[in-house]
Amino acid sequence: MAKKVVATLQTGEGRNFSKVIKMVRSAKTGAYVFEERMVANDKVQEALK
């Protein structure tokens, strides 16, 4: 199933998006968690701030 999703993202409008994975500290526990988002290629730097 994963192959189908990857193939979809590589064609058409999927090329205009990137997956951003950001490590943030949880306010509740203090542990680090990973936050994943799909953002437009021109908005990647804004998503990392």
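Bear in mind the structure is a predicted one, so any value in this text is a computation, not a measurement.

K.L.:
Please give an account of the overall build of the protein chain that cites residues and values.
P.N.:
When its secondary structure is counted, the protein chain shows 2 helices and 2 strands. Listing every helix and strand of the protein chain by position from the N terminus yields α-β-β-α.

K.L.:
Got a sec to walk through the pairing of strand S2 (residues 32-40)? Specific residues and values, please.
P.N.:
Alignment of strand S1 (residues 17-25) against S2, held across 9 bridges, turns out to be antiparallel. For Lys-19, the partnering residue across the bridge sits in S2 and is Met-38.

K.L.:
With reference to specific residues and values, describe the pattern of salt bridges.
P.N.:
The full count for this structure, using the stated rule, is 1 salt bridge. Among the ionic pairs, Lys-19 bridges to Glu-36, the shortest N-O distance being 3.2 Å. Of this pair, Lys-19 sits in strand S1 while Glu-36 is found in strand S2, placing the two residues 17 residues apart along the sequence. You can call Lys-19 exposed: its relative accessible area is 53%.

K.L.:
For a nonpolar patch on the surface, give the residues involved together with the corresponding values.
P.N.:
On the surface, Ile-21, Met-23, Tyr-32 and Phe-34 cluster together to form a nonpolar patch covering roughly 480 Å² of accessible area. When residues of the nonpolar patch are traced back to their parent elements, those giving at least two are S1 and S2. Tracing the sequence through the fold places Tyr-32 in strand S2.

K.L.:
Break down the environment of Ala-40 for me, citing the residues and quoting the values.
P.N.:
Here Ala-40 is to be found in strand S2. The partly exposed category is assigned to Ala-40, whose relative accessible area is 21%. Spatially, the C-alpha atom of Ala-40 lies 9.8 Å from that of Val-20, the residues being 20 residues apart in sequence.

K.L.:
Any details on the environment of Asp-42? Residues and values, ideally.
P.N.:
Along the chain, Asp-42 turns up in the loop between S2 and helix H2 (44-48). Asp-42 gets classed as exposed once you look at its relative accessible area, which sits at 63%. When the C-alpha atoms of Asp-42 and Ser-18 are compared, they prove to be 9.4 Å apart, with 24 residues separating the residues in sequence.

Parameters at a glance
Residues numbered from 1 in each chain as written. Predicted model: local features only at pLDDT ≥ 70, side-chain atom pairs only at ≥ 80, totals over all residues. Heavy atoms only, no water. Helix = DSSP H or I, 4+ residues; strand = E, 2+ residues; numbered from the N terminus. Pairing = 2+ DSSP bridges. Salt bridge = Lys/Arg side-chain N within 4 Å of Asp/Glu carboxyl O. Buried < 20%, exposed > 50% of the residue type's maximum accessible area, 1.4 Å probe, protein only. Patch = residues over 30% accessible without salt bridge, like charges linked within 9 Å, V, L, I, M, F, W, Y side chains within 5 Å. Areas by Shrake-Rupley, 256 points an atom, 1.4 Å probe, with all protein chains shown as cover.

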